[in-house]
Amino acid sequence: MRALSSQLLEGVDVMAAVVDTLSFGAAAEMLDMSQSGVSRAIARLETRLGIRVFERTTRSVRLTDEGREFYEQVMPLIAALADVTGEAAGGRQKIRGRLRVNVDPLFASQVLGPRLGTFMDENPDLEIELRSRDELGDLISDGFDLALRFGHPQSSSLIARKLFDTRVFAMASPEYLQRFGHPKTPQELQNEPHRCILFREPLTGKPFAWEFHQGKKKLMIQPRGMLTVNDAETAFSTCLAGLGVVQIFELGSEEYVSSGRLVPLFPAWSDHRFPLYAYYPSRHHVPAKTRALLDFVSGLVG
């Protein structure tokens, strides 16, 4: 068996800190080092690996392609080693450290944020950073541990794991229905007097198509849209204000429906489901902190 030298891992923790903070200066502060010390550690790592790990400018730090490949390969292995060491040292491993998550804005505001307290209470040694973003972006270079996104898997080198799906409803406020009438079929939303609130799809820049499912039947319509928005909070607030009909997820809207502030339309056409996926760098040796959040999010839907 080949002897494990501490030199093999020297500088990897510094590299991880730079990836997390996107700055040599911030990494130095995190590690209680000088900025020149961070630079020297990265230079020694690059010399030992024979590659350039970071592209550095006066304004930004970004992984090179070779640096990204090394980071994606080595960090899961180090996390796995920490997991095994923790388990051997003290029974049930504590979830600790920093977890940076790229989150779909709708999921963050309507679902995860209001319910995150339980997870935080169960893992008091874990520091969580949620970043709401419309796009997946570059998970590794941006320093995220994982991403949570609504929608079908995007083409990516990342692992995509479906956590659950939720039904999609067309909804309106009682005030809207009193003013414009209660549509009996989805097709009526294409004509006057109805008004619909459209949601712009981040990747294409175009409004999402409206579809309705009834068992194996699928119905596509072009709603009469007088307002287009690009964030969940605005979609909810304008719908609650009676400005139009909106298509939103069942998950996160339960309180509005139970209080009577929103009314689901077309119950016979309510079989359309939309998935939530998690994206992370490696299928093997997923860090314990990442597994813990994935398990928690999966349990949000019974």
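Residues numbered from 1 in each chain as written. Predicted model: local features only at pLDDT ≥ 70, side-chain atom pairs only at ≥ 80, totals over all residues. Heavy atoms only, no water.

Asks: Talk me through unusual backbone geometry; I want residue IDs and the actual numbers.
Replies: For the bond from Glu192 to Pro193, the omega torsion is 5°, close enough to zero to count as cis. As for its position among the elements, Pro193 is in the loop between α6 (174-180) and β7 (196-199). Not every positive phi belongs to a glycine, and Phe266 is a case in point at roughly 55°. Mapping Phe266 onto the fold places it in the loop between β12 (263-265) and β13 (273-280). (Helix = DSSP H or I, 4+ residues; strand = E, 2+ residues; numbered from the N terminus.)

Asks: A description of the layout of surface pockets should follow, citing residues and the corresponding values.
Replies: Gaps left between atoms are located by rolling a probe of water-molecule size over the structure's atoms. Here the second largest pocket is characterised by a volume of approximately 740 Å³. Only α5 (105-122), β5 (146-150), β7, β8 (210-214), α7 (232-240), β11 (245-249) and β13 provide two or more residues apiece to the lining of the second largest pocket. Top contributing element to the lining of the second largest pocket by residue count: β11, with four residues. Both domain 2 (97-164 + 275-299) and domain 3 (165-273) contribute no fewer than three residues apiece to the lining of the second largest pocket. (1 Å grid on protein atoms, 1.4 Å probe; cavity = no way out; pocket = protein on both sides within 12 Å on 5 of 7 lines; lining within 4 Å. Points joined across faces, edges and corners; volume = space filled by probe spheres on them. Domains from an automatic or database assignment.)

Asks: Outline the pairing of strand β6 (residues 159-172), listing residues and values.
Replies: Looking at chain direction, β6 and β13 are connected through eight bridges and run antiparallel. Paired with Ile159 across the bridge in β13 is Tyr280. The pairing of β6 with β12 spans three bridges and is classified as antiparallel. Bridge pairing in β12 links Ala170 to Leu265. (Pairing = 2+ DSSP bridges.)

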